[in-house]
Amino acid sequence: MEGREQLEKARERIIEVIAKNIDLYGMTHSAGRLYGTMFFHSKPLTLDEMKEELGMSKTSMSTAVRALSDIKQVERVWKKGVRKDLYQVEEDWYQGFIDLFSIKWRNAVSMHLTAIKKSLAELKKLVEDENISSEIKELAMIDIDKLVYAYHYYEWVDRVVEAFENHDIFELVPKHL
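Residues numbered from 1 in each chain as written. Predicted model: local features only at pLDDT ≥ 70, side-chain atom pairs only at ≥ 80, totals over all residues. Heavy atoms only, no water.

Asks: Outline the packing of helix H2 (residues 29-39) against helix H4 (residues 58-70), listing residues and values.
Replies: Put simply, H2 and H4 touch, their axes get as near as 9 Å, and they point 75° apart. When the axes of H2 and H4 are compared, the pair comes out roughly perpendicular. Between H2 and H4, the residues in contact are Ala 31, Leu 34 and Tyr 35 and Met 61, Ala 64, Val 65 and Leu 68, respectively. Of the residues contributing to the contact of H2 with H4, the split by class is 7 nonpolar, no polar and no charged. (Axes fitted to C-alpha atoms, helices over the stretch in contact; angles between N-to-C directions. Helix = DSSP H or I, 4+ residues; strand = E, 2+ residues; numbered from the N terminus. Parallel < 35°, antiparallel > 145°, perpendicular 65-115°, else oblique. Contact = heavy atoms within 4.5 Å. Nonpolar A, V, L, I, M, F, W, Y, C, P; charged D, E, K, R; others polar.)

See below:
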């Protein structure tokens, strides 16, 4: 069929770029190839169909689909009369990015703020302890200043995440429709 080769070449270029860049999302190259392949399908796919198209094992397919699903880039869909699980890519890339960004950064912010609060409490006790040398107290005060700065930074990141989640970001950077 005329044009089929050019069509496949154009698609393969995009699939390979997605596969190369999927590490930004913490995914493997094969998960990127899977996502790219699914992107060009106009209908949901079963694991068997994905396996056949990509030549990967069903276990690898299942693992990649689960990983993509966890970051909300792929979703399971239901179709009447089909007993196998069907999957398709998230069609709203803006929301997909927001979901991924929010999941990753909410987790990071939470871990950092928890650690900072704990360390600040310990450092403040050191500063107040009469048995601690002035040299250690000075170092603790320097660390406190650094951690207060870090705390404010992570509070700001939390507000940025919130701006994505409530779509305020689109007032600053509108979607291209």
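Asks: Kindly report on the layout of surface pockets, identifying the contributing residues and their values.
Replies: Estimated volume of the largest pocket: approximately 280 Å³. Lining the largest pocket are Val 17, Ile 18, Asn 21, Ile 22, Tyr 25, Tyr 35, Leu 68, Gln 73, Trp 93, Gly 96 and Phe 97. Counting residues per element, the ones that place at least two in the lining of the largest pocket are helix H1 (4-21) and helix H5 (93-128). Class assignment for the residues of the lining of the largest pocket results in 8 nonpolar, 3 polar and no charged. Roughly 170 Å³ of internal volume is contained in the second largest pocket. Glu 8, Arg 11, Glu 12, Ile 15, Arg 33, Thr 37, Phe 40, His 41, Glu 53 and Leu 54 together form the lining of the second largest pocket. At the level of elements, H1, H2 and helix H3 (47-54) are the ones that each hand at least two residues to the lining of the second largest pocket. Per-element tally for the lining of the second largest pocket: the top contributor is H1, with 4 residues. Classifying every residue of the lining of the second largest pocket gives 3 nonpolar, 2 polar and 5 charged. (1 Å grid on protein atoms, 1.4 Å probe; cavity = no way out; pocket = protein on both sides within 12 Å on 5 of 7 lines; lining within 4 Å. Points joined across faces, edges and corners; volume = space filled by probe spheres on them.)

Asks: Hey, could you go over the confidence of the model for the chain for me, with residue numbers and the actual values?
Replies: Across the chain, the average pLDDT comes to 92, with 99% of residues at 70 or higher. At the low end of the mean pLDDT range in the chain sits H4, at 89; at the high end sits helix H6 (residues 134-165), at 97. (pLDDT = per-residue confidence, 0-100.)

Asks: Kindly report on the packing of H1 against H2, identifying the contributing residues and their values.
Replies: Put simply, H1 and H2 touch, their axes get as near as 7 Å, and they point 145° apart. Seen from above, H1 lies across H2 with right-handed handedness. Contact residues: H1 offers Glu 12, Ile 15, Glu 16, Ile 18, Ala 19 and Lys 20, while H2 offers His 29, Gly 32, Arg 33, Tyr 35, Gly 36 and Thr 37. Residues that form the contact of H1 with H2 fall into these classes: 4 nonpolar, 4 polar and 4 charged. (Left-handed = near helix turned anticlockwise from the far one by under 90°.)

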